[in-house]
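Residue-level structural notes
Next come the chains, spelled out residue by residue.
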Amino acid sequence: MAVVFVHTENVRFRDLDSMGHVNNAVFLTYLEEARIAFLFGRGATTDSLIVARVEIDYRSPVRLGEKVEVDVRCTRLGTKSFDLEYEVRVGDRLVAEARSVQVFYDYERREAAELPADWRQALTA
């Protein structure tokens, strides 16, 4: 995966399950934080976005005190939606791979809307 953006999270005690590794649901929070930082860093916001789908493949456990790096890149740009792909790593170890689909949404009309030109440019930069 060609790295476009990297977000770092420190594993906290509250992230762990009873087995002492990061709970699977916490990976969604790591992805969310990376997604927001990626979008905000490009001038986009989350005001008009709906996450329509997330899929995660877990590869290796993560433990307390480890530093998690989430690589993010845009892999598909549709008319009303776009895909982000993520690689989650601890050092050189791949711990998860993920993909999310975001839909640009008009809350007043309550329907999906076309991605604005400035978003298209920001996501492909």
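Just above sits the structure.
Figured I'd write up the structure that's included with this text. Worth saying up front: this structure is predicted, and the values here are computed from it rather than measured.

Each helix and strand in the protein chain was counted, giving 2 helices and 6 strands. The order of α-helices and β-strands along the protein chain, N terminus first, is β-α-β-β-β-β-β-α. Against the compact-globule benchmark of 14 Å for 125 residues, the protein chain has a radius of gyration of 15 Å, which places it among compact chains. With respect to the principal axes defined by its C-alpha atoms, the protein chain has extents near 45 × 30 × 20 Å. Residue burial in the protein chain is summarised as follows: out of 125 residues, 38% are buried. In the protein chain, of all internal contacts separated by at least 6 residues, the share reaching a separation of at least 24 is 63%. The average position of the 17 basic charges and that of the 21 acidic charges among the side chains of the protein chain differ by 2 Å.

Once that is clear, we can look at the pairing of strand β1 (residues 5-10). Because side chains alternate across β1, one face comprises the buried residues Phe 5, His 7 and Glu 9, and the other comprises Val 6, Thr 8 and Asn 10, none of which is buried. Of the pairings in the sheet, the one linking β1 to strand β3 (residues 67-77) comprises 6 bridges and is antiparallel in character. Directly across from His 7, in β3, lies its bridge partner Val 70.

All chains considered together, the criterion is met by 14 salt bridges. Note that Asp 83 and Arg 99 form a salt bridge whose closest N and O atoms lie 3.0 Å from each other. With Asp 83 in strand β4 (residues 81-90) and Arg 99 in strand β5 (residues 93-106), this pair connects stretches of sequence that are 16 residues apart. Connected through salt bridges with shared partners, the residues Arg 53, Glu 55, Arg 76, Asp 83 and Arg 99 form a single ionic network.

All right, on to a nonpolar patch on the surface then. A contiguous nonpolar patch, built from Leu 28, Val 51 and Val 54 and spanning about 210 Å² of accessible area, is present on the exposed surface. Note on placement: Val 54 falls in strand β2 (residues 49-58).

As for its placement among the helices and strands, Asp 15 is situated in the loop between β1 and α1 (24-40). Accessibility expressed as a relative area gives 0% for Asp 15, which makes it buried. Apart from residues lying up to four places away in sequence, Asp 15 is in contact with Asn 10, His 21, Val 22, Asn 23, Val 26 and Tyr 30.

On to unusual backbone geometry, then. A negative phi angle is the norm for most residues apart from glycine, just as the trans form is the norm for most peptide bonds. Even without glycine at this site, Arg 110 takes up a positive phi of about 55°. Following the sequence through the fold, Arg 110 ends up in the loop between β5 and β6 (111-112). A residue is classified by how much of its surface remains accessible, and Arg 110, at 68% relative accessible area, is exposed.

Our focus in this paragraph is helix α2 (residues 117-124). For α2, the complete set of buried residues consists of Trp 119, Ala 122 and Leu 123. Buried residues of α2 fall within an arc of 95° about the axis and therefore sit on the same side. Away from its buried face by more than 90 degrees, α2 exposes Ala 117, Gln 121 and Thr 124. Contacts made by the buried residues of α2 are with α1, β2, β3, β4 and β5.

For β4, the buried fraction is high: 8 of the 10 residues fall into the buried class. The antiparallel hairpin formed by β3 and β4 contains 3 residues in its connecting segment. Across 10 bridges, the pairing between β4 and β5 is antiparallel. Its bridge partner lying in β5, Asp 83 is registered against Val 101. In textbook terms, the turn of a hairpin is the stretch between consecutive antiparallel strands, and for β4 and β5 this stretch comprises 2 residues, one of which, Gly 91, has a positive phi near 65°.

Rules behind the numbers
- Residues numbered from 1 in each chain as written.
- Predicted model: local features only at pLDDT ≥ 70, side-chain atom pairs only at ≥ 80, totals over all residues.
- Heavy atoms only, no water.
- Helix = DSSP H or I, 4+ residues; strand = E, 2+ residues; numbered from the N terminus.
- Rg over C-alpha atoms; globule rule 2.2 N^0.38 Å.
- Buried < 20%, exposed > 50% of the residue type's maximum accessible area, 1.4 Å probe, protein only.
- Contact = heavy atoms within 4.5 Å.
- Lys, Arg positive; Asp, Glu negative; His and termini not counted.
- Charge placed at Lys NZ, Arg CZ, Asp CG, Glu CD.
- Pairing = 2+ DSSP bridges.
- Salt bridge = Lys/Arg side-chain N within 4 Å of Asp/Glu carboxyl O.
- Patch = residues over 30% accessible without salt bridge, like charges linked within 9 Å, V, L, I, M, F, W, Y side chains within 5 Å.
- Areas by Shrake-Rupley, 256 points an atom, 1.4 Å probe, with all protein chains shown as cover.
- Arc of directions from axis to C-beta.

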